[in-house]
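Single-letter residue listing:
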Amino acid sequence: MNEVKRAEHEALGDYLQQALTPEQRETIGLITFNHWSFAVGTVVETVLAARELGSRVVVGFWADNTPLPDVGWRSSRLLARLVNSATRDQQAQKALIEAGVPRSTFVEPPIRRWKPNGLPPIPKPPTRADIRQLRYHGTAMGPAILEMPPDDMPVREDHVWPRRWVTAAMRSYAWAYDQATALIKQHALGTVVVYNGRFTHDRAVAAAAHALGVRVLYYDTGGYDTDFDLTEATTHDWAHLQDRMLEMYNEWDPTDRDRIGGSWFDNRRAHTDANNQRYTGIQEQGRVEGLPQARKLVVYFSSSDDELVELDIDWQRYFGSQEHALQQLATACRQQPDTALVVRTHPHMRLKPPQDLADWLAAVEAISPDVHFGPDSPVDSYALMDQADVVFTYGSTAGVEAGYFGRPVVVMGPSAYDQLGCARLIGEAREIAESIDSPPAPNSTAAIPYGLMMQRRGFTYQRQQHLGDDAWELDGAVIAEASTNAQKASDALRKLRIWWLTRA
């Protein structure tokens, strides 16, 4: 049995009672389009918790039904059956039925012969900027389909997307929207539960629910010591997230909240955080070299543009873009006496589309920092921030980490920690020079609520047990990914589909 550590919320049932009115709890619908372990596990947990409250539950395991597979799709049901296996959501449905959930709970998409009604024409050419303007029945279809790009698709506004892919993505959004609309009406749903609201199909379902005045809850990954999160706000509602951080910290036992919150930062610095290894794995702990000699050292840590570009944000508040923010920072540093600028490109840029990396490196070269540590550099980001007189970032997690480790931090872009008191948020050019001359006072304690949230946010499973290798057990029934052969065959099918939809 796994050790149970205190989570942000004690019980999912209590949260549902607090978050939803009796009318909203009467009939709850859960629609999922992915095979991720935590996502399917969250659906299982929520179904059981809602039923214990007396709610009628409707579940749509629709990962295999969408015209274009979701980013979290892993295995074809047909291919899994051919090799005598089953997909994760099929195993979850079987486990729930064996646990006493009626078969009628699980529903197929209600519109059997679906055709889109009212799809707008595809822009000519279909650039990101033009795709973003696409609407479907008054909802923001464009930003939603841009969150499901084909492999190696850059985030440049003028990049022309493959026309076949855009067509398929538009149809997939419209399909999810129409099917969700029909399901909500057919079952008189009071609440709809979907994945974090960022990706195409989940956005479509949420948009359909909002259009009908139906409540939406969003689930996501939990903390490092918890299993999943369930909230009334989308994942990227950072003001809401920071309010939760502060509330969680204030309500936690003072005897261990700082230790728990601080452990998240300490583990990342020590390179023992497994989730951070794909970023810090190439870095040598404690290594820092080649720093310029200057009276004041400004270090800039880059952020991920692809995770920011489709957020509903007023970019003029944040210097227009990360590249423009960096350009203005470089100008301010050159105008300051004996001030050097070091740019640290996030190591995750190694995993991004080649064009995005090339564009970013060109932007860095254009501003000519004194030193640039690229994404492949073995220099330790934590040792580097120790040397900074002031850390600037466009919202990277490095900002809150630097704040915890006692550095003055200035945030130039959207972040999940700019209201905690561990960093100074700026939005005007004059504030850059002011922040270099008079950096904000370090405030390590103010960063701790962030670490506490990352460790313990959300809930732990009360009805499932972890078996390892992303497998779970419910009353003796195992819920795991389809067999290796099924996954390999499905991946080959996915690649073939991408080739067909993106070929010239």
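All of the points below concern the structure found in this document. (Residues numbered from 1 in each chain as written. Predicted model: local features only at pLDDT ≥ 70, side-chain atom pairs only at ≥ 80, totals over all residues. Heavy atoms only, no water.)

1. With respect to the overall build of the protein chain
Part 1 of the reasoning: When helices and strands are tallied, the protein chain shows 19 helices and 14 strands.
Part 2 of the reasoning: The C-alpha radius of gyration of the protein chain comes to 24 Å, within 12% of the 23 Å expected for a compact globule of 504 residues.
Part 3 of the reasoning: Dimensions of the protein chain, computed from the C-alpha atoms along their principal axes, are close to 70 × 60 × 45 Å.
Part 4 of the reasoning: Taken across its 504 residues, the protein chain has 56% of its residues classed as buried.
Part 5 of the reasoning: If you take every contact in the protein chain between residues at least 6 apart in sequence, the share linking residues at least 24 apart comes to 76%.
Part 6 of the reasoning: Of the roughly 21500 Å² that the protein chain leaves accessible, carbon and sulfur atoms contribute 46%.
Part 7 of the reasoning: Distance from the positive charge centre (51 side chains) to the negative charge centre (65 side chains) of the protein chain: 7 Å. (Helix = DSSP H or I, 4+ residues; strand = E, 2+ residues; numbered from the N terminus. Rg over C-alpha atoms; globule rule 2.2 N^0.38 Å. Buried < 20%, exposed > 50% of the residue type's maximum accessible area, 1.4 Å probe, protein only. Contact = heavy atoms within 4.5 Å. Areas by Shrake-Rupley, 256 points an atom, 1.4 Å probe, with all protein chains shown as cover. Lys, Arg positive; Asp, Glu negative; His and termini not counted. Charge placed at Lys NZ, Arg CZ, Asp CG, Glu CD.)

2. Regarding the sheet that holds strand β9 (residues 390-393)
Part 1 of the reasoning: In space, the 6 strands of this open sheet follow the order β8-β7-β6-β9-β10-β11, with parallel pairing throughout. Single-partner strands in this sheet number two, and they are β8 (371-373) and β11 (424-425).
Part 2 of the reasoning: Inspection of the sheet shows β9 paired to strand β10 (residues 409-411) by 3 bridges, in the parallel sense. Paired with Val 391 across the two strands is Val 409, which belongs to β10.
Part 3 of the reasoning: Of the strands in this sheet, β6 (296-301), β9 and β10 touch helix α16 (residues 397-404), which is tilted by about 155° from β10.
Part 4 of the reasoning: Those strands touched by helix α17 (residues 429-437) are β6, β7 (339-344), β9, β10 and β11, and its axis lies near 155° from that of β9. (Pairing = 2+ DSSP bridges. Axes fitted to C-alpha atoms, helices over the stretch in contact; angles between N-to-C directions.)

3. Side note on helix α19 (residues 484-502)
Part 1 of the reasoning: Taking 1.5 Å as the rise per residue, α19 with 19 residues should run 27 Å; its terminal C-alpha atoms sit 27 Å apart, in good agreement.
Part 2 of the reasoning: For α19, every residue scored as buried is listed here: Ala 486, Ser 490, Ile 498 and Leu 501. One face of α19 carries all of its buried residues, which in axial projection span an arc of 105°. When the buried face of α19 is taken as reference, the exposed residues oriented beyond 90 degrees from it are Asn 485, Lys 488 and Leu 496. (Expected span 1.5 Å × (residues − 1). Arc of directions from axis to C-beta.)

4. Observations regarding the pattern of salt bridges
Part 1 of the reasoning: Applying the stated criterion across every chain yields a total of 23 salt bridges.
Part 2 of the reasoning: Glu 52 is the salt-bridge partner of Arg 463, the closest N and O atoms lying 2.9 Å from each other. Pair noted here: Arg 463 is in the loop between α18 (444-456) and β12 (465-468) and Glu 52 is in helix α3 (residues 37-52), with a separation of 411 residues, a long-range link.
Part 3 of the reasoning: The exposure class of Glu 52 is exposed, given its relative accessible area of 61%. (Salt bridge = Lys/Arg side-chain N within 4 Å of Asp/Glu carboxyl O.)

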